[in-house]
Amino acid sequence: MRLSCYFMPTLREAPSDAQIVSHQLMVRAGMIRQEAAGIYAWLPLGLKVLKKIEQVVREEMDRAGAIEVLMPTLQLADLWRESGRYEAYGDEMLRIKDRHDRDLLYGPTAEEVITDIFRSYIKSYKDLPKNLYNIQWKFRDERRPRFGVMRGREFLMKDAYSFDIDEAGARRSYNRMFLAYLNVYARLGLKAIPVRADTGPIGGDLSHEFIILAETGESEVFAHRDLVEMGAPGPDIDWDGDLQDLVDQRTRLYAASDEMHDQARFEAEAPEDKRMTARGIEVGHIFYFGEKYSKPMKALITGPDGKDVPAQMGSYGVGVSRLVAGIIEASHDEAGIIWPDSVAPFGAAVVNLRPGAAEVDTVAEQAYKALIAAGKDPLLDDRDDRPGAKFASLDLVGVPWQLIVGPKGVADGVVELKRRASGERQTLPLDQALKVICG
RNA sequence: CGGAGUGUGGCUCAGUCUGGUAGAGCACCGCGUUCGGGACGCGGGGGUCGCAGGUUCAAAUCCUGCCACUCCGACCA
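What counts as what
- Residues numbered from 1 in each chain as written.
- Chains lettered and ligands numbered in written order.
- Predicted model: local features only at pLDDT ≥ 70, side-chain atom pairs only at ≥ 80, totals over all residues.
- Heavy atoms only, no water.
- Pairing = 2+ DSSP bridges.
- Helix = DSSP H or I, 4+ residues; strand = E, 2+ residues; numbered from the N terminus.
- Axes fitted to C-alpha atoms, helices over the stretch in contact; angles between N-to-C directions.
- Near = heavy atom within 4 Å.
- Polar contact = N/O pair within 3.5 Å; in protein donor to acceptor, adjacent residues only side chain to side chain.
- Nonpolar A, V, L, I, M, F, W, Y, C, P; charged D, E, K, R; others polar.
- Buried < 20%, exposed > 50% of the residue type's maximum accessible area, 1.4 Å probe, protein only.

We now examine the pairing of strand β23 (residues 425-428). Here strand β22 (residues 415-419) runs beside β23; their pairing, made up of four bridges, is antiparallel. Residue pairing in the sheet places valine 415 in a bridge with leucine 428 of β23. The loop that links β22 with its antiparallel partner β23 comprises five residues; one of these, glycine 423, has a positive phi angle of about 80 degrees.

Here it is, written out as C-alpha cells:
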C-alpha cells in the first residue's frame, strides 16, 4: 500500500475523552472513530488488525475441532422467551420491533440461537460431540461503556458452544477450548493466565476466565509464577486424545482474580518467591453450564439406551475487538504501538525519505516490490513530508520493521533497517535488509 | 442507575467568574525556503460557541430545561 493513496488519519494529540493508553493510541493511529458512547467505526488500520486477530482465533478454533457458523445479529424475542432470559436480561438488551410489530433484539450472546439450530438437526448421541462457533458483532447496552473498544456496547466476539451427551464428554469439550485459548493468546504475543471463575448456580470447577498481563489492566491477578512460565501447550497436541493432564497442570497452581482471591490459600499453595501479583485484562471466559438452555428449549438427544436427555452444553467467549486494545495495553511505548508480527497491520514499511529524488525513488520502489512479492504486505511511505514526521507516525502505528531509504544511504549503496519493538537499527545493503525482514 | 465533570473550526485548549467585534497552537489550502526523528516565513479558508427557552439595548459569558460525552462506583467478552 502506498501511504500517499491510503487512509490513515494519525493525530499528534489524543482526544481528551480517551483516558487509557490503548484508546488514545487507537484514536491517534487512526484505527477507530467513535460514533456514540461505546460504538466505534473501524478505520482501515484498525480493521486490518481486527481481522488478523479474528483469523488467529479462527485458526485455533478450527484446529481444536470447532466448526464455524455465522448467526444473525438480530434475534427473535420468542427464542429468548423459551429460555426465560428475555425478561431476565434487563436493560442491557437492546430491544427492537420490526414493521410487523414483532419483538426482536440485537444479540448480546447466542446460546438461544445456537440451541435452536442444534435441536433442529441433531438428535442422536452418534452425532456428538459438536462444537459450533461464530465470530459476530454483539451488543450489550452497558450502563457505562468506557475505555474505547475495551468496553464498548457493540463489540466483536468469538462465541463457541459445545454439545455433548454427558458430563464427561462436556469436560473433554471444555478442555479442548481451555487449551485452544492458551494457544490463541500465545500467538498474539500475550501472556495469559487462566483463573477460576464463578460458576454461579451450576457449581463445579468448570469455568475459567483468561486474563492477559498488562500493567495498565483493570483486574488484579494473583498467580503462581510457574503458571505464567508454563505458557501455551502449542498446536501439536493430540486434540482427540486425553487432554486432562495438560489442563490439570495449568489449573493445579494457584491463580485468582481479585474477586475470587483468597490470600490464605495463596500463601499456603505458593511459596513466597513464586507468588506473583500483577494487573491484567479479561479477554476470555469459558464455562460449562449443562442443561441450562437445552432443557427449557428441549434440545434433546437420544442416548445409546434409547432415552432422550438434554444435551450437555458449554460456551466459550473471546472478546476479539477487546483484544485489539488489550494487545496495545500490553505492548506499547512512549512513541506508540508495538504490534506483534502476527497481527501487525503491515509487515514492514519502506520509508522513502526523499520522494522525487530519482535514485531514492528507484531503491524504495525496488524494496517495496520485493516485499510485496515476499507476501509481507508492505506500506510505502511516499508522502511528501519531512523524515521526522514519517518516523513519528510509523512508530505510532507500530509497523514492525522500517526499511529506511534516504539519499545518503543510496549514495553508499545501503539502507537502514529499524526494528520497532527493540529500536535496534542496522545499516546494510538492500538485499540483506530484505533477507532480515523475510526471515 | 447513584456521584462528579465537560460541551467553543477536524484535534488540543484559552475566553465564561466581572455580558460589549469569537481567539491561539496543531491540522488544511497557496507560494517560497527547507528536508535522517512531528521545520520555518508570508498569505488564506473554515466556528449559528451542544440544543431550546428566558433575562438584557446587547449573551460563548447570566437563569431554566433538555441532550450528548467523559470520569468514579455497582455489573460485564
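Next comes the rest of the description.
As a further point, take the sheet that holds strand β5 (residues 94-97). The three strands are arranged β4-β6-β5 in an open sheet whose pairing can be described as antiparallel. Pairing within the sheet leaves two strands with one partner each, and these edge strands are β4 (74-76) and β5. Taking each pair of neighbouring strands and ignoring which way they run, the sheet shows an average axis angle of 40 degrees. Two strands pair when backbone bridges link them, and β5 and strand β6 (residues 103-106) are joined in this way by four bridges, in the antiparallel orientation. Among the inter-strand pairings, lysine 97 is bridged to a residue of β6, identified as aspartate 103.

Of all residues adjacent to RNA strand B, which total 47 residues, the nearest are Arg12, Ser16, Glu282, Asp395 and Arg425. Here, RNA strand B places atoms within 4 Å of the protein, and 47% of those atoms are sugar or phosphate. The side chain of arginine 146 places a nitrogen or oxygen atom 2.9 Å from a base nitrogen of RNA strand B. A distance of 3.4 Å is found between a sugar or linking oxygen of RNA strand B and a backbone nitrogen or oxygen belonging to glycine 388. Elements represented by at least two residues in the surface near RNA strand B include exactly β1 (32-36), β8 (154-164), β13 (275-290), β16 (312-319), α12 (387-397) and β22. Counting residues per element, the surface near RNA strand B draws most heavily on α12, which supplies seven residues. Its residues assigned to classes, the surface near RNA strand B comprises 19 nonpolar, ten polar and 18 charged.

On to the pairing of β8, then. In terms of burial, β8 is a largely internal element, ten of the eleven residues being buried. Taken together, the ten bridges between strand β7 (residues 130-139) and β8 define a ladder with antiparallel strand orientation. Directly across from glutamine 136, in β8, lies its bridge partner methionine 157. Note that β8 and β16 share eight bridges and pair antiparallel. Following the sheet pairing, tyrosine 161 is matched in β16 by serine 315.

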